[in-house]
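One-letter residues, chain by chain:
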Amino acid sequence: CRKIVNFLFMIYAVNGYAFYSLGWISFSWYLWVCAGAAAFLMMTLLPVSRGYPLRIRALERGAALIELFIAVLIFEIVFSLAFFGAAHIGWRPALIHCAIVLGAENVLFWSGMITLYLSSVQLGIRLRVIGILCGWIPVVHFIVLNRILRTVKNEIVFEKNKIRQNAQRRNE
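Attention in this report is confined to the structure presented alongside it.

Parameters and conventions
- One numbering rule holds for all chains: residues counted from 1, following each sequence as written.
- Owing to the predicted nature of the model, reporting of local features is limited to residues with pLDDT of at least 70; listing and counting of side-chain atom pairs is limited to 80 or more, with chain, interface and lining totals taken over all residues.
- Side-chain metrics in this entry use all non-hydrogen atoms of the structure; hydrogen atoms and water are not considered.
- Here a helix means four or more residues in a row that DSSP labels H or I, a strand means two or more in a row labelled E, and each is numbered from the N terminus.
- Think of it in three bands: residues with accessible area under 20% of the maximum for their type are buried, residues over 50% are exposed, and the middle band is partly exposed, with areas taken using a 1.4 Å probe on protein chains only.
- Throughout this description, the term nonpolar core refers to a set of buried Ala, Val, Leu, Ile, Met, Phe, Trp, Tyr and Cys residues connected via side-chain atoms within 4.5 Å.
- Should any heavy atoms of two residues lie within 4.5 Å, those residues are considered in contact.
- What makes a salt bridge here is a side-chain nitrogen of Lys or Arg within 4 Å of a carboxyl oxygen of Asp or Glu, nothing more.

## Section: the environment of Phe79
So, step 1. Position of Phe79 among the secondary structure elements: in helix α4 (residues 54–87).
So, step 2. For the pair formed by Phe79 and Ala18, sequence separation is 61 residues and the distance between their alpha carbons is 9.9 Å.

In structure tokens form, the structure reads like this:
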């Protein structure tokens, strides 16, 4: 449920100017973007889960940001092609929209990646270097990003199971 809410907040925040340009909203798009920015700050700063060590929460937050990045990217590609191609609103609103999307996506991606790179133990130097080097190669960077995300998610599951197992041992 939280992932869906975060996705909808990001879509609203990123597309405020586009919705205004298309005439879908009548109030100022600045308010729309400010509300979305506040929601984005809440997404990145509020804890994902409670009761776990800071490193596990950071891993969960980084993985959630990368998943959100991928979901918003796919939506924005479809949205931009479908609506800006058919709406003929001009190059200036489309350019401003692309700049807003690029900025928001950069913040999502780099917040998630820096958090994962600094928090993960199982990621290892090899996968980190591969991620940095392949980040510049189209299509390959999505494959490497998927591998990094899968490794981090496995680490989260492993660490949570280890914490639960230690708690059970303490109780025995």
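## Remarks on the environment of Ile132
So, step 1. Mapped onto the elements of the fold, Ile132 is located in helix α6 (residues 124–134).
So, step 2. By relative accessible area, which is 51% here, Ile132 ends up exposed.
So, step 3. Along the sequence, Ile132 and Val144 sit 12 residues apart, while their C-alpha atoms lie 9.5 Å from each other.

## Topic: the nonpolar core
So, step 1. Grouped together as the largest cluster of nonpolar side chains are 28 residues, with contacts concentrated most on Met10, Ile66, Leu108, Met113, Ile148 and Val152.
So, step 2. Every element with two or more residues in this core is listed here: α1 (2–14), α3 (29–45), α4, α5 (91–119), α6 and α7 (140–171).
So, step 3. Contacts of Met10, omitting those with residues within four sequence positions, involve Phe40, Met43, Leu68, Val72, Ala104 and Leu108.
So, step 4. Counting six residues, the second-largest nonpolar core is a separate cluster that includes Ala18, Phe19, Leu22 and Phe79.

## Regarding the pattern of salt bridges
So, step 1. Following the criterion strictly, the structure yields five salt bridges and no others.
So, step 2. Glu159 is paired through a salt bridge with Arg55; the nearest N and O atoms lie 3.3 Å apart. Residue Glu159 is located in helix α7, and its partner Arg55 is located in helix α4; the two are separated by 104 residues in the primary sequence.
So, step 3. Accessibility expressed as a relative area gives 27% for Arg55, which makes it partly exposed.
So, step 4. With a closest N to O distance of 2.3 Å, Glu60 and Lys160 form a salt bridge. Taken together, the residues span a long stretch of sequence, with Glu60 in helix α4 and Lys160 in helix α7 at a distance of 100 residues.
So, step 5. On the basis of relative accessible area, Lys160 is assigned to the buried category, the value being 15%.
So, step 6. Here the residues in one salt-bridge network are Arg55, Glu155, Glu159 and Lys162, joined through shared partners.

These figures come from the coordinates and say nothing about function on their own.
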